[in-house]
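Breakdown of the fold
The residues making up each chain are set out below.
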Amino acid sequence: MSQGSSLLSAADRLAIPVENLANLLAAFAIFALMCLGVAQIVLRTVFNSPLAGYIDLVELSMASMAFLGAAYCQRMGAHIRMDLLIGRLKGRSLWIVESLGLIVALIIIGVLIQNGWGHFLRSYTLGDTTIDAEYPVWPSKLLVPIAFGLWWIRLAIQLLGSLRMAVDPSKAPVGVVLMKDVAHQAQDEITEIMGEEGAGNT
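Note that the structure is a prediction, hence the values are computed from the model and not measured. (Residues numbered from 1 in each chain as written. Predicted model: local features only at pLDDT ≥ 70, side-chain atom pairs only at ≥ 80, totals over all residues. Heavy atoms only, no water.)

**Brief notes about the nonpolar core**
Defined as follows: The term nonpolar core refers to a set of buried residues drawn from Ala, Val, Leu, Ile, Met, Phe, Trp, Tyr and Cys, joined through side-chain atoms within 4.5 Å. Only protein chains enter the accessibility calculation, which uses a 1.4 Å probe; a residue whose area is less than 20% of its type maximum is buried, one above 50% is exposed, and one in between is partly exposed. Only DSSP runs of H or I with at least four residues qualify as helices, and only runs of E with at least two residues qualify as strands; both kinds are numbered from the N terminus onward. We call two residues in contact when some of their heavy atoms are within 4.5 Å.
With 17 residues, the main nonpolar core has Leu68, Leu106, Ile109, Phe148, Trp151 and Leu155 as its most contacted residues. Those elements that place two or more of their residues in this core are α1 (3-45), α3 (70-76), α5 (91-126) and α6 (138-167). In terms of residues, this core owes the most to one element, α6, which gives eight residues. Setting aside its immediate chain neighbours within four residues, Leu68 contacts Ala22, Asn23, Leu25, Ala26, Ala63, Leu143 and Ala147. Formed by five residues, the second largest nonpolar core is a distinct cluster that contains Leu94, Trp95, Met165 and Val176.

Structural data, given as structure tokens:
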């Protein structure tokens, strides 16, 4: 394995646990919001005492649920892709198109990181709070540039991997999303949820 592919593989391995943790936090936020909703219903209907600032908490949780799992989804190839078009391409042309798409994505996410950081700084400086319970808003806004930063790193890894494959399509893929048919996608999802033993029993 060349030094370039070794560095790319090392970057990929370092990013994976961080992406997994961010995705786990997003899942926890969804679970916590579900529990909060149950508590709100019980307290409101049984005790006639709804949670103070419930709507505000829901609004603040949206950023974690929407963005923290973005890098993980990018690594798994779970974002919306033009597979019908890209699936017709083979060899060098496939990786060139992938590289062009990743360059566009890097630019867009980079702009969103810059703007998201500006919104966070403004919220933090002004002491921005929610309307009802007056919870501070800046922690939620800080999650946006952090999550998009992780996404940008994953896109950069995939771009380097795609450029490497565009130069020499015969190399072993590193840090890229591979096209899979429906059966392989389903098998990967089963493995992701149930582990190797559960996948082996299907």
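From this point on, the discussion continues.
**Things to note about the packing of aromatic side chains**
Worth spelling out the cut-off: Note on aromatic contacts: the rings of Phe and Tyr and the six-membered ring of Trp form a pair at centre separations within 6.5 Å, being stacked when their planes are under 30 degrees apart, edge-to-face when over 60 apart, and tilted otherwise.
By the definition in use, this model includes six aromatic pairs. Between Tyr124 and Trp138, the ring centres sit 5.2 Å apart and the planes meet at 90°, which makes this aromatic pair edge-to-face. With Tyr124 in helix α5 and Trp138 in helix α6, the pair connects residues that are 14 residues apart, well separated along the chain.

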